[in-house]
Amino acid sequence: MATEVKRSVCPYDCPDTCGLLVEVVDGRAVKVGGDPEHPFTRGFLCNKMNRYADTVHSPGRLKTPLLRTGPKGTAQFRPISWEEALARISTRWKQIVADSGAEAILPYSYAGTMGLVQRNAGHPFFHRLGASRLDRTICSPAKDAGWKALMGETPGLHPDEVLESDLVILWGINAAATNVHFLHNVREAKRRGAKVWVIDTYETPTAEIGDRLFLVSPGSDGALALAMMRSLAAENLVDRNFLANHVQGFEEFWNEVLSGFSLEEAARLTGLSAKTIRQMALDYGKARAPFIRLGSGLSRYTNGAMTCRTIVCLPALVGAWAKKGGGLLAGTSSGGAFSIGEITREDFMAAPTRIINMNQLGLALTQMDNPPVLSLYVYHSNPAAVAPDQNQVLKGLSREDLFTVVHERFLTDTAAYADIVLPATSSLEHSDLYRAYGTYCIQRARPAIPPVGESKSNREVFGLLAEAMGFSDPFFRQSADELIEHLLSLPASLRNGIDRSALDSGKAVELAIASDYKIRFLTESGRIELLNPRVRENLPRYLPRNEGGFPFRLMTAPNRYCLNSSFRERDDLRQRDGAMYLRMNPTDAKAKGLHDGERVAAFNDLGEVTFLLRLTAKVPQSVVVAEGIWWLAHCPGDRSVNALTSQRLTDDGGGSTFYDNTVDVRRA
Ligand SMILES: Nc1nc2c(c(=O)[nH]1)N[C@H]1C(S)=C(S)[C@@H](COP(=O)(O)OP(=O)(O)OC[C@H]3O[C@@H](n4cnc5c(=O)[nH]c(N)nc54)[C@H](O)[C@@H]3O)O[C@H]1N2
Ligand SMILES: Nc1nc2c(c(=O)[nH]1)N[C@H]1C(S)=C(S)[C@@H](COP(=O)(O)OP(=O)(O)OC[C@H]3O[C@@H](n4cnc5c(=O)[nH]c(N)nc54)[C@H](O)[C@@H]3O)O[C@H]1N2
Ligand code: SF4
Ligand SMILES: [Mo]
């Protein structure tokens, strides 16, 4: 049988958004590799995706719709036809709408696929239905709020600029796991003489690339940034010319915040010495073109938006933006490349409906009234594993009166609680349009293989549900490709000059950001707004983290072997990950009489989770680390890490606070 090679795109929630080359034999993907012509992928994939064919053709793929036959959570189902599944769903929903109103129905989706069309496919349907709306804030809205407070709509620094930098700071990002292709650029910068700093709360694999590793107390980075800026000003290392021409409010910032913020205070909060902080300021201030890559780790705290906002001030003070290679990359803002409104169709909403924060799903399912949530429709997300306060989420999902439908590729922890499960296509089986959030590339994908089993794409399923509910708008009958053609026919300045035929052929093309984007700031005043009169706190300042009440601060960071709860279907990756470890400093373990390899329980007010203990000096005292999100079936106990994380929100943006939790640990 002949091998065909087809282009596709990595659909996962990763800033790199790699280009793929898929080898197809007889309708099956047999090999997936990186596209050598993709400017960021450069022909190699991460260790998760270089065996993507094993995910796509995994024996665990769902192949037919399923109907629950046992108690919720026990994953007992029998196969049913699509006709029966759609009839059951629409009958139940019509009843709920008649009895309680459509707001009793809640969609829940997030990042299983990042393709714009499939990802947002449910919005028009649920708007037309009049369902409750979901505030999709589980990831990094606090980081966005921090960036926007100063920089408005200014695009993030192009990742290739790092090649021109002489000081690269990887701040709150474990790029070896979450942004591997960026590290290619960082290595090249290093080869050209740049120094690399890593600022984190424990020694991650990314520390290997750093010349210096600075470990801070979790949630204290705002204090570090403020103290560095105070030193920069005190040592006359601020760029007065840049401040005068491009920055608003430095004087107020100095008078009201920086002048009163001592190095000693920052040392107490961060755990770094005052001498170290001052030296960091001197090195940063003297660097020719310092480049900060800001991760989202430090934004997932009750002070997260303010922490990010404070760090975003640093390049403004030293005028780094004016230098080739200098500035800060929090994320690329390529959103304007497409008219997202044509996909989400807010205009289908007859009247604004209530909005439920996705970080508070547990509360919504157990305590909401007027009306209570009576039906939950989950697609491309796994809230039983990824949402905070797992005990409350599972309590809600266990409700006998909650009608839950889950559209999935695998029988996840969430699907185990469904009344009806629908089988979903993988990215190789449907069309989509992608834009990256760590580069300026966009790409179009067409199906490389036919659907596995009876699986259907998000867009197809919402078309069928619309028909079953009697929604007649022709929009619901449009195919994904028709919608993509429509989106591409609408003008957008970011797409000016792109090679449309390259895009249509499946190749990645780069958006053209304005050449003066680092000097013409897209804020109300046209300047970087250290002082921003339009936000609640006019100036950045130090906000404390959540203090918690238990002795260890719990880091629940991503790792290389999974992506949130995705890829847990893969035996090879789980084996390389080892087991669900809790990593702890040997001195802390000794004080508690705990030993490497034993079963321990981490606990707090919210719950208790069993881990295997791993002792390592890479984790500082008073911190414990649980990397990756495990499926319950693979846990040593009956809960995974999010039974320890709270539904508290960030200071701005309504974000999650996954890293701002404390626990105690004992032998299990
Ligand atoms: N392999 C893999 N890749 C992924 C993911 C994954 O799960 N696995 N997740 C994807 C998703 S959805 C996203 S949003 C991104 C995640 O991207 P990021 O949120 O940027 O995640 P990380 O790169 O792990 O960065 C988090 C880092 O912040 C550190 N950290 C936590 N608290 C603090 C703090 O107070 N101060 C400092 N300085 N550091 C702190 C953590 O220890 C961790 O190393 O990655 C995406 N890519
Ligand atoms: N403790 C802790 N919890 C976290 C985080 C953390 O750092 N620590 N990170 C948080 C972050 S940043 C994020 S973004 C969230 C992400 O949380 P989620 O958005 O829930 O992401 P995944 O866990 O990857 O689950 C996505 C699911 O979508 C399914 N899927 C994939 N493609 C499709 C498709 O085309 N259609 C359908 N219907 N299904 C599909 C996959 O099989 C998978 O089960 O997790 C958050 N949870
Ligand atoms: S690095 Fe990220 S975008 Fe690239 S293949 Fe891996 S998960 Fe996908
Ligand atoms: Mo995320």
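All values derive from a computational prediction rather than experimental measurement. (Residues numbered from 1 in each chain as written. Chains lettered and ligands numbered in written order. Predicted model: local features only at pLDDT ≥ 70, side-chain atom pairs only at ≥ 80, totals over all residues. Heavy atoms only, no water.)

**Student:** So, the pairing of strand S25 (residues 608–615): which residues are in play, and what are the values?
**Tutor:** Bridging between strand S23 (residues 581–584) and S25 involves four bridges; their strand directions are parallel. Bridge pairing in S25 places Leu 582 opposite Leu 613. Here strand S24 (residues 599–603) hands over to S25 after four residues, the two strands then running antiparallel side by side. (Pairing = 2+ DSSP bridges. Helix = DSSP H or I, 4+ residues; strand = E, 2+ residues; numbered from the N terminus.)

**Student:** Mind laying out the domain arrangement of the protein, listing which residues take part and the relevant values?
**Tutor:** Once the domains are mapped, the protein shows domain 1 (3–56), domain 2 (157–330) and domain 3 (552–667). Taking the mean C-alpha position of each, domain 1 and domain 3 sit 30 Å from one another. Of the roughly 900 Å² buried between domain 1 and domain 3, counting both surfaces, carbon and sulfur atoms make up 58%. It is Tyr 12, Asn 47 and Lys 48 in domain 1 that bury the most area against domain 3; as a group they hold 62% of the surface buried on that side. Remark: the boundary between domain 1 and domain 3 carries one salt bridge. Between Asp 572 and Arg 51 there is a salt bridge, with the nearest N and O atoms lying 3.5 Å from each other. Linking domain 1 with domain 3 are five residue pairs in polar contact (both at pLDDT 80 or more), by the criterion used here. (Domains from an automatic or database assignment. Buried area = accessible area lost by both parts, 1.4 Å probe. Salt bridge = Lys/Arg side-chain N within 4 Å of Asp/Glu carboxyl O. Polar contact = N/O pair within 3.5 Å; in protein donor to acceptor, adjacent residues only side chain to side chain.)

**Student:** Report on the packing of helix H8 (residues 221–234) against helix H11 (residues 263–270), specifying residues and quantitative values.
**Tutor:** Across the interface, H8 lies against H11 with an axial gap of 9 Å and an inter-helix angle of 155°. As summarised for this structure, H8 and H11 are arranged roughly antiparallel, according to the angle between their axes. Of the two elements, H8 crosses H11, and the hand of that crossing is left-handed. Packed against H8, whose contacting residues are Ala 223, Leu 224, Ala 227 and Ser 231, the element H11 presents Leu 263, Ala 266, Leu 269 and Thr 270 at the interface. Its residues assigned to classes, the contact of H8 with H11 comprises six nonpolar, two polar and no charged. (Axes fitted to C-alpha atoms, helices over the stretch in contact; angles between N-to-C directions. Parallel < 35°, antiparallel > 145°, perpendicular 65-115°, else oblique. Left-handed = near helix turned anticlockwise from the far one by under 90°. Contact = heavy atoms within 4.5 Å. Nonpolar A, V, L, I, M, F, W, Y, C, P; charged D, E, K, R; others polar.)

**Student:** Lay out helix H7 (residues 180–191) in plain terms, naming residues and giving numbers.
**Tutor:** Along an α-helix, residues three or four positions apart point the same way, because every turn accommodates 3.6 residues. With 12 residues, H7 extends 17 Å from end C-alpha to end C-alpha; this agrees with the ideal 16 Å at 1.5 Å per step. If you check which residues of H7 are buried, you get His 181, Phe 182, Leu 183, Asn 185, Val 186 and Ala 189. Looking at the buried positions of H7, the neighbouring elements they touch are strand S8 (167–171), helix H6 (175–178), strand S9 (195–200) and strand S12 (290–294). Downstream of H7 by one or two residues, Gly 193 has phi in the positive range, about 110°. (Expected span 1.5 Å × (residues − 1). Buried < 20%, exposed > 50% of the residue type's maximum accessible area, 1.4 Å probe, protein only.)

**Student:** An account of the site of ligand 2 is requested, with residue identities and associated values reported.
**Tutor:** Lining the immediate surroundings of ligand 2 are 32 residues, of which Ser 381, Glu 408, Asn 458, Ser 565 and Ser 566 lie closest. Contact distances for ligand 2 include 2.9 Å between an oxygen atom and a backbone N or O atom of Ala 111. Between a nitrogen atom of ligand 2 and a main-chain N or O atom of His 407, the distance comes to 2.9 Å. A total of 920 Å² of accessible area belongs to ligand 2 in isolation, and the protein chains cover 97% of it. The residue inventory of the shell around ligand 2, partitioned by class, reads 13 nonpolar, 15 polar and four charged. (Near = heavy atom within 4 Å. Areas by Shrake-Rupley, 256 points an atom, 1.4 Å probe, with all protein chains shown as cover.)

**Student:** Break down the pairing of strand S6 (residues 105–109) for me, with residues and values.
**Tutor:** By the criterion of burial, S6 is predominantly enclosed, with five of the five residues buried. In this sheet, strand S15 (residues 375–379) lies alongside S6 in parallel orientation, the contact comprising five bridges. Each residue of the ladder has a partner; that of Ile 105, found in S15, is Ser 375.

**Student:** Break down the packing of H11 against helix H12 (residues 274–286) for me, with residues and values.
**Tutor:** At a closest axis distance of 8 Å, the pairing of H11 and H12 adopts a crossing angle of 110°. As far as their axial angle goes, H12 and H11 are roughly perpendicular. Residues Leu 263, Glu 264, Ala 266, Ala 267 and Thr 270 of H11 form the contact with H12, whose participating residues are Ala 274, Ile 277 and Arg 278. When grouped by side-chain class, the residues that make up the contact of H11 with H12 number five nonpolar, one polar and two charged.

**Student:** How would you explain the packing of aromatic side chains if you had to name every residue and give the values?
**Tutor:** The final tally for this structure, using the stated rule, is 26 aromatic pairs. Measuring from ring centre to ring centre gives 6.3 Å for Phe 261 and Tyr 542, while their planes differ by 45°; the resulting arrangement is tilted. Pair noted here: Phe 261 is in the loop between helix H10 (250–256) and H11 and Tyr 542 is in the loop between strand S21 (528–529) and strand S22 (552–555), with a separation of 281 residues, a long-range link. With respect to burial, Phe 261 and Tyr 542 carry one shared label: buried. Relative to Phe 462, the ring of Tyr 377 lies with its centre 5.3 Å away and its plane at 55°, an arrangement referred to as tilted. (Phe/Tyr/Trp six-rings, centres within 6.5 Å; stacked < 30°, edge-to-face > 60°.)

**Student:** Now, about the sheet that holds S6: what can you tell me, with residues and values included?
**Tutor:** Strand order across the open sheet formed by six strands is S5-S4-S17-S16-S15-S6, with mixed pairing between neighbours. Strands with a single pairing partner mark the edges of an open sheet, and in this sheet they are strand S5 (77–79) and S6. Taking each pair of neighbouring strands and ignoring which way they run, the sheet shows an average axis angle of 20°. Bridge count for strand S16 (residues 403–408) against strand S17 (residues 420–423) is four bridges, and the pairing is parallel. Residue pairing across strands places Glu 408 opposite Pro 423, the latter belonging to S17. Contacting S6 and S15, helix H4 (residues 122–129) crosses the sheet at an angle of about 165° to S15. The sheet strands contacting helix H18 (residues 458–469) are S15, S16 and S17, and the helix crosses S15 at an angle near 150°.

**Student:** Lay out the pattern of salt bridges in plain terms, naming residues and giving numbers.
**Tutor:** The final tally for this structure, using the stated rule, is 37 salt bridges. The closest approach of N and O atoms between Arg 278 and Glu 235, which form a salt bridge, is 2.6 Å. A residue pair is termed long-range when its members are at least 10 positions apart, and Arg 278 in helix H12 and Glu 235 in the loop between H8 and helix H9 (240–246) qualify at 43 residues. Classification of Arg 278 by relative accessible area gives partly exposed; the value is 35%.

**Student:** Report on the site of ligand 3, specifying residues and quantitative values.
**Tutor:** Residues in close proximity to ligand 3 include Cys 10, Cys 14, Asp 16, Thr 17, Cys 18, Leu 45, Cys 46, Lys 48, Met 49, Val 180 and His 181, which together make up its full environment. The class makeup of the residues in the shell around ligand 3 is seven nonpolar, two polar and two charged.

**Student:** Which residues make up unusual backbone geometry, and what values do they have?
**Tutor:** Cis geometry marks the peptide bond from Asn 370 to Pro 371, where omega comes out at -10°. Summarising the element assignment, Pro 371 is placed in the loop between helix H15 (361–367) and S15. Positive phi, normally seen in glycine, also occurs at Asn 370, with a value near 55°. Tracing the backbone through its elements, the reader meets Asn 370 in the loop between H15 and S15. Judged by its relative accessible area of 71%, Asn 370 is exposed.

**Student:** So what's going on with the sheet that holds S9? Residues and values would help.
**Tutor:** The five strands are arranged S10-S9-S8-S12-S13 in an open sheet whose pairing can be described as parallel. Edge positions in the open sheet fall to strand S10 (212–215) and strand S13 (327–329), since each of these has one partner strand only. Neighbour-to-neighbour, the strand axes of the sheet open up by a mean angle of 20°, direction not taken into account. Where S9 and S10 come together, four bridges link them in parallel fashion.

**Student:** Mind laying out the side chain of Asp 419, listing which residues take part and the relevant values?
**Tutor:** Tracing the backbone through its elements, the reader meets Asp 419 in the loop between S16 and S17. For Asp 419, the side chain forms a polar contact with the side chain of Lys 72, separated by 3.1 Å. Filtering out sequence-adjacent residues up to four positions away, Asp 419 remains in contact with Leu 66, Leu 67, Arg 68, Lys 72, Leu 402, Phe 403 and Thr 404.

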